[in-house]
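# Architecture at a glance
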Amino acid sequence: MRKALGIMIATSCLLAGACAPPSPSPDGSIPQLAPFGANGLIVDGNSLWLADLFAQQLIRFDPTTGKITKRFGPSNGLVSPDDGVVMDDGALVVTSPVGDRVQRVAPDGTVTVLANLSFGPNPIVRDPSDPNAVIIGDAASNPSAMFRVFTDGRQAQLIVQGLPPINSFSFGPDGRIWAPAGGFASAIDSSGSIIRINLATGLFDTFAISFPGEPGKTGFAYDVAAKFGPDGQLYVLQGFDAAVYRVNPTTGVAVRLANLPGGVGDNLNFTPDGRLFASTFFGGVVEILPDNSVRVVPLGAG
């Protein structure tokens, strides 16, 4: 359903022309128009890239000032990016659940299609066993699957089948992928969970989580991202009643750290200096400060 929602909004934007990214400035400066959507957050040194699925653009920005320093969009051949990673050569590899494709975006903005998949590719992580590979998941299908996609011309490989819908994931200290599971349907009954996937065997299990500070709560209302922080804890973004949780990866105890403005969340990530940022789906990015307060990043204020 999330893919359907994205397609509906993106199509409406394109037909109405309401979500068109700005054209390049004649003087070479980067237009500072704020994004329309806020999806994947991609770490690139001290900068962050934001995937804006609605306007089919990627923007690089300073996470402190909000200044936008680079844009790629439809004029580069980009199709509705949702999440991505930076490779060793500086290129971005991004997923497009609307376009059913995985795209490589070179540092100069040249876009090539690495793979066309039979589902809406969404979550992505670099493969630690191969510098020329990424691992892609499916957030819409049930059952879903995972593929390994290569940047050097090799054909994409199916690596895991029979999964529930999964979203933005990360490798844990045990070498398995820890992924939010349950899909859009889990927003209705707060049944979102965390599963741990063994890529070598294709097997997965559900990690038991408790919410001692929220009596009666047994799961997440559509958890959309699960990333390990520099402190070794798992940070989970709940998509509806949007909030960031810290989850102890040994005990499974989850603590709500901060609520996101607007009530909807999409993704989160850590910068190299340990700062935690989250995207709010409809064009916003926030920083979760050490005291668990929330700072809105002034995107486009530069």
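Note: the structure precedes this text.
Residues numbered from 1 in each chain as written. Predicted model: local features only at pLDDT ≥ 70, side-chain atom pairs only at ≥ 80, totals over all residues. Heavy atoms only, no water.

## Observations regarding the overall build of the chain
How we decide: Numbering goes from the N terminus for both helices and strands, where a helix is a DSSP run of H or I of at least four residues and a strand is a run of E of at least two. Buried means the residue's accessible area, taken with a 1.4 Å probe over protein chains only, is under 20% of the maximum for its type, while exposed means over 50%, and partly exposed covers the values in between. Should any heavy atoms of two residues lie within 4.5 Å, those residues are considered in contact. Areas reported here follow the Shrake-Rupley algorithm with a probe of radius 1.4 Å; residue values treat only the protein chains shown as occluding. His is not counted, nor are the chain ends, whereas Lys and Arg count as positive and Asp and Glu as negative. Throughout, a charge is located at the NZ atom of Lys, the CZ atom of Arg, the CG atom of Asp or the CD atom of Glu.
Helices and strands together make up the secondary structure of the chain, namely two helices and 24 strands. Taken along its principal axes, the extent of the C-alpha atoms in the chain is 55 × 45 × 35 Å. Taking all 302 residues of the chain together, 54% fall into the buried category. When contacts within the chain are restricted to residue pairs at least 6 apart in sequence, long-range pairs at least 24 apart make up 45% of them. Put simply, the chain shows about 11,900 Å² of open surface, and 55% of that area lies on carbon and sulfur atoms. For the chain, the separation between the mean place of its 19 positive charges and that of its 25 negative charges on side chains is 1 Å.

## Considering the side chain of Gln57
What counts is decided by this rule: Pairs of N or O atoms within 3.5 Å make up the polar contacts considered here, provided that, within protein, one atom can donate a hydrogen while the other can accept it, and that residues adjacent in sequence are counted only when both atoms are side-chain atoms.
With respect to the secondary-structure elements, Gln57 resides in strand β3 (residues 57-61). For Gln57, the side chain forms a polar contact with the side chain of Arg71, separated by 2.7 Å. Leave out the neighbours within four places in its chain, and Gln57 touches Pro21, Pro22, Pro35, Phe36, Leu50, Ala51, Asp52, Arg71, Phe72, Gly73, Leu78 and Pro81.

## A word on the packing of aromatic side chains
So the rule is basically this: Any two of the Phe, Tyr and Trp rings considered here, Trp counted by its six-membered ring, make a pair once their centres fall within 6.5 Å; the pair's planes then place it as stacked at under 30 degrees, edge-to-face at over 60, or tilted in between. Any Lys NZ or Arg CZ found within 6 Å of a ring centre and within 35 degrees of that ring's normal is scored as a charge over the ring.
As enumerated under the stated definition, the model contains 14 aromatic pairs in all. Here the aromatic rings of Trp178 and Phe228 are separated by 5.2 Å at their centres, their planes lie at 85 degrees, and the arrangement is edge-to-face. With Trp178 in strand β14 (residues 177-181) and Phe228 in strand β17 (residues 223-228), this residue pair connects regions lying 50 residues apart in the sequence. Overall, Phe228 belongs to the buried group, its relative accessible area being 17%. Pairwise contacts between aromatic rings join Phe54, Phe281 and Phe282 into one cluster. It is Arg196 that lies over the ring of Trp178; its NZ or CZ is 5.3 Å from the centre. Sitting over the face of the ring of Phe211, Lys217 holds its NZ or CZ atom 5.3 Å from the ring centroid.

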